[in-house]
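Close look at the chain arrangement
Read off the chains here:
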Number of protein chains: 2
Amino acid sequence: MTQAERRHQTRQALLEAARSRMDAGESFDSLSLRSVARAAGVVPAAFYRHFASMDELGLALVDESFLSLRSMLRRAREDGLPPEHIVHRSVEILVEHVLAHRQHFAFVAGARSSGNGVLRHAIRNEIRLFTSELATDLARFPILREWTTEDLQMLAGLLVNSMIAIIEAILELPTSGPAGDPRPEALKEFVRLAEKQLRLPLLGVPSWRSIGVKETPAG
Amino acid sequence: MTQAERRHQTRQALLEAARSRMDAGESFDSLSLRSVARAAGVVPAAFYRHFASMDELGLALVDESFLSLRSMLRRAREDGLPPEHIVHRSVEILVEHVLAHRQHFAFVAGARSSGNGVLRHAIRNEIRLFTSELATDLARFPILREWTTEDLQMLAGLLVNSMIAIIEAILELPTSGPAGDPRPEALKEFVRLAEKQLRLPLLGVPSWRSIGVKETPAG
DNA sequence: CGACATAGTGTACAATTGTTCACTAATTCG
DNA sequence: CGAATTAGTGAACAATTGTACACTATGTCG
C-alpha cells in the first residue's frame, strides 16, 4: 500500500472515530484526543501527524458535513420542480439524506451548541451562508418577486430554523437497532408532520405585506 | 446563621457556579465536579452533601429553568390579550424574560444537545409538555376552533421551534460587555425579525385546510 | 541500491479528574 | 449544659488526560 494511501486511511479512521462516537450520543467536548486515537487504532502521538488539535479535527468534520449538505441542496434544485409537490419532495429528500448521512448531521447538531467556540462559530457561519443561498433561490419564485431582500432573508431563516428542528427530530427518532433506521411507519407519520410545519408558513405568503419597513428605492 | 441557611447557600453557590460557567460558553459536559466545587468555594467532597452526581446537579438546573419559563407563560397569559398586538407583546415578553434570566436559558440551550443523555431527555420532556400546554392555549382562539388536535399540536410545535431558535439567537446577540445586555438598537432590529418569523405562519392559518387527514368523529 | 522522508510507536511526565474516608467545627435539640 | 447531628475539610487513591521526545519501520526517489 502506498504511503499516501495509508496516511489518508488513518486520517479517515480518526474522523470516523469522532463522528461515530458523536452519533452515539457523546458530545464533542467529551471526546478526548486519546480516546479518538484509541478508537482509530492508533497511538496518541500519531494523532498529531494529521491534526494539530481536536479543534482542527472538528473543523475538518464541519467541512465534510456541509459539503454533504450542499450536495443535498444541489440535488433538490436539479430534481425538477413540480410547483405543488415541491414541499413534499423536499422533505422526502431531506429525510432520505439525513438518514444516509446520519453521522454528519449528528455531528453538526451536537457541535452546534458545544462548548467549543471555534466549532460553534464555524457552524454558525456555514448556516448563515446556507440561509443566504436559500434566500436567493427563493427570490426566483414569481410569488416572491416583490419581496424585499430583508423579508426574503427572514423567510429563508424561518425555513432553515424549521429544517434544523426537523433534522434534530429525525436524529432522535427511535430506531430498531443501534445501527438501524427508524420504523417506516413512524417515519411516514413524522414526514407528514414536517410537511405541515413547512407548508403553513408558505400559506401565509400570499397575504404577506411587508410591515413596518419603508422600502427605499436603492437599499 | 442557621444551619439550613448555610446549606441552602452553598447549594445555590454550586448551582450558580455551573450556570454561570455555561453562560460563559462552556458545555455541561466540560464542567467537572471539582471545577464546579472550586468555583463555589468549596472542597470537592462537600459537593456530595448536595448532589449525588453532576447529573443530579443538572436536573436541579432543569427544574429551576423551566420553573422560570413557566412563570413567563403565566405572565403572558395574564397580560390581557389585545388580539392584534399579541405577537408583538409576546415577543417583547420573551426577549425581556430571556435577558432577565439569561443563565437559565443559556443552560437549557447548551444542555439540550449535550452529551448527557439524562439531561437531554429531561429537557426534551419539558419542551414536549410546554408545547402541549401551548396547544391547549391555542385551542381557545375562535379561528382555531375547528382544528384537529393533531394540527394544533403541529402549530404549537412550529411556534415552539421558532421560539427556541429565537432564544438561541438572543443569547448569541453581541453584548457590550461580558455581563451586559445587547445594544438596544440591535435588539430592536432583532425583535422586528423575530416578530415577522412568528407572524408569517399565523397568516397561513385562515387558509389552512387539514390535508391528508381523515377526520373521524371520535378520535 | 542506498540515502532520505515520514507515518506510526513507546515511554515518560505533570495535571486534572471522581470518589473514599477519617476528621473537625458548629448548630440543633433533649 | 451536653450529646448528637451534620456541613464542610484535607489527604489520599487510581485513572485519564495532553504533550514531548527519541525511536523504528517502511515507502519514495535520485
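Residues numbered from 1 in each chain as written. Chains lettered and ligands numbered in written order. Predicted model: local features only at pLDDT ≥ 70, side-chain atom pairs only at ≥ 80, totals over all residues. Heavy atoms only, no water.

What to know about the protein's contact with DNA strand D
Rules: Here a residue counts as near a molecule or strand whenever at least one of its heavy atoms sits within 4 Å of it. Distance and chemistry together define a polar contact, namely a pair of N or O atoms within 3.5 Å, with one atom able to donate a hydrogen and the other to accept it when in protein, and with adjacent residues in sequence counting only for side-chain atoms on both sides. Secondary structure counts use DSSP, requiring at least four H or I residues in a row for a helix and at least two E residues in a row for a strand, with both numbered from the N terminus.
Around DNA strand D there are 21 residues in total, and Leu-33, Arg-34 and Arg-38 of chain A together with Thr-10 and Arg-49 of chain B lie nearest to it. Each atom of DNA strand D within 4 Å of the protein was classed as base or backbone; sugar and phosphate made up 52%. Within the side chain of Thr-10 of chain B, one N or O atom sits 2.9 Å away from a phosphate oxygen of DNA strand D. Between DNA strand D and Arg-49 of chain B there is a distance of 2.4 Å, counted from a base oxygen to a side-chain nitrogen or oxygen. Those elements that provide at least two residues to the surface near DNA strand D are α2 (33-39) and α3 (44-47) of chain A together with α1 (3-23) and α3 (44-47) of chain B.

Observations concerning the packing of helix α4 (residues 54-78) of chain A against helix α7 (residues 117-138) of chain A
All names here are of chain A. For clarity, the threshold we go by: Angles run from 0 to 180 degrees between N-to-C directions of axes, and those axes are lines fitted to C-alpha atoms, restricted for helices to the stretch in contact. Any angle that is under 35 degrees is reported as roughly parallel, and any over 145 degrees as roughly antiparallel; angles of 65 to 115 degrees are reported as roughly perpendicular and all others as oblique. Less than a right angle of anticlockwise turn of the near helix away from the far helix marks a crossing as left-handed, whereas a clockwise turn marks it as right-handed. Contacts: residue pairs with any heavy atoms within 4.5 Å of one another.
Following both chains from N to C, one finds α4 and α7 inclined at 15°, their axes separated by 10 Å at the closest point. One element, α4, and the other, α7, form an angle in the roughly parallel class. Seen along the crossing, α4 lies across α7 with a hand that is right-handed. Within the contact between the two elements, α4 uses Asp-55, Gly-58, Leu-59, Val-62, Asp-63, Phe-66, Leu-69, Arg-70, Leu-73 and Arg-77 and α7 uses Val-118, Leu-119, Ala-122, Ile-123, Glu-126, Ile-127, Leu-129, Phe-130, Glu-133 and Asp-137.

Brief notes about the pattern of salt bridges
Using the following cut-off: One speaks of a salt bridge when a side-chain nitrogen belonging to Lys or Arg is within 4 Å of a carboxyl oxygen belonging to Asp or Glu. Here's how the labels work: a residue is buried when its accessible area is under 20% of the maximum for its type, exposed when over 50%, partly exposed in between, all with a 1.4 Å probe on protein chains only.
If you walk through the whole model with that rule in mind, you get 38 salt bridges over all chains. A salt bridge links Arg-192 of chain B to Glu-150 of chain A; the nearest nitrogen and oxygen atoms lie 2.5 Å apart. Note that Arg-192 of chain B is positioned in helix α9 (residues 184-203) and Glu-150 of chain A in helix α8 (residues 149-172), a pairing that runs across two chains. Arg-192 of chain B sits in the partly exposed class, given a relative accessible area of 27%. Between Arg-112 of chain B and Glu-168 of chain A there is a salt bridge, and its shortest N-O distance comes to 3.4 Å. Linking Arg-112 of chain B in the loop between α6 (102-111) and α7 (117-138) with Glu-168 of chain A in helix α8, this pair reaches from one chain into another. Taken together, the shared-partner salt bridges in this structure form one network comprising Glu-150 and Asp-151 of chain A together with Glu-189, Arg-192 and Lys-196 of chain B.

A word on the packing of aromatic side chains
Residues and elements named next belong to chain B. Formally: Think of it this way: a Phe, Tyr or Trp ring, Trp meaning its six-membered ring, pairs with another when their centres are within 6.5 Å, and the plane angle makes it stacked under 30 degrees, edge-to-face over 60, tilted otherwise.
This structure, assessed with the given rule, holds eight aromatic pairs over all chains. Between Phe-28 and Phe-107 the ring centres are 6.3 Å apart and the planes differ by 70°, which places this aromatic pair in the edge-to-face class. Within this pair, whereas Phe-28 is found in the loop between α1 and α2 (33-39), its partner Phe-107 is found in helix α6, the two being separated by 79 residues in sequence. Using a relative accessible area of 0% as the deciding quantity, one classes Phe-107 as buried.

Here's the deal with the interface of chain B and chain A
Note the following rule: Reported buried area values correspond to the accessible surface (1.4 Å probe) lost by two parts on association, with both partners' losses combined. Throughout this entry, Asp, Glu, Lys and Arg are counted as charged residues, while Ala, Val, Leu, Ile, Met, Phe, Trp, Tyr, Cys and Pro are counted as nonpolar. The remaining residues, Gly among them, count as polar.
In this complex, chain B contributes 41 residues to the contact, which on the side of chain A involves 40 residues. Buried surface at the junction of chain B and chain A, summed over both partners, amounts to about 3,200 Å²; 58% is from carbon and sulfur atoms. In terms of surface lost to chain A, no three residues of chain B exceed Lys-196, Gln-197 and Leu-200 of chain B, which account for 20% of the buried area on that side. Viewed at the interface, chain A and chain B are joined by 10 salt bridges. Scanning the region where chain B abuts chain A turns up 14 residue pairs in polar contact (both at pLDDT 80 or more). When contributions to the side of chain B that touches chain A are tallied by element, the ones reaching two or more residues are α6, α7, α8 (149-172) and α9 of chain B. With 11 residues, the top contributor of residues to the side of chain B that touches chain A is α8 of chain B. Considered class by class, the residues forming the side of chain B that touches chain A number 14 nonpolar, 14 polar and 13 charged.

Digging into the relation of the copies chain B and chain A
To keep it simple, the criterion reads: What sets the superposition is a least-squares fit of C-alpha atoms, and only residues with pLDDT of at least 70 in both copies go into it.
Of the two same-sequence chains, chain B is brought onto chain A (RMSD 0.0 Å, axial shift 0.0 Å) by a rotation of 180°. Both copies are brought into coincidence by an operation consistent with a two-fold rotation axis. With an isologous cut-off of 70% or more, the 98% of interface residues of chain B that recur at the interface of chain A puts this contact in the isologous class.

Side note on the protein's contact with DNA strand C
Among the 20 residues in the neighbourhood of DNA strand C, the closest are listed as Thr-10 and Arg-49 of chain A together with Arg-34, Arg-38 and Tyr-48 of chain B. For DNA strand C, the backbone makes up 49% of the atoms found within 4 Å of the protein, where backbone means sugar plus phosphate. The separation between a phosphate oxygen of DNA strand C and a polar main-chain atom of Val-43 of chain A is 3.0 Å. The contact in question runs from a phosphate oxygen of DNA strand C to an N or O atom on the side chain of Arg-38 of chain B, over 2.6 Å. Elements with a contribution of two residues or more to the surface near DNA strand C: α1 (3-23) and α3 of chain A together with α2 and α3 of chain B. Within the surface near DNA strand C, the residues separate by chemical class into nine nonpolar, five polar and six charged.

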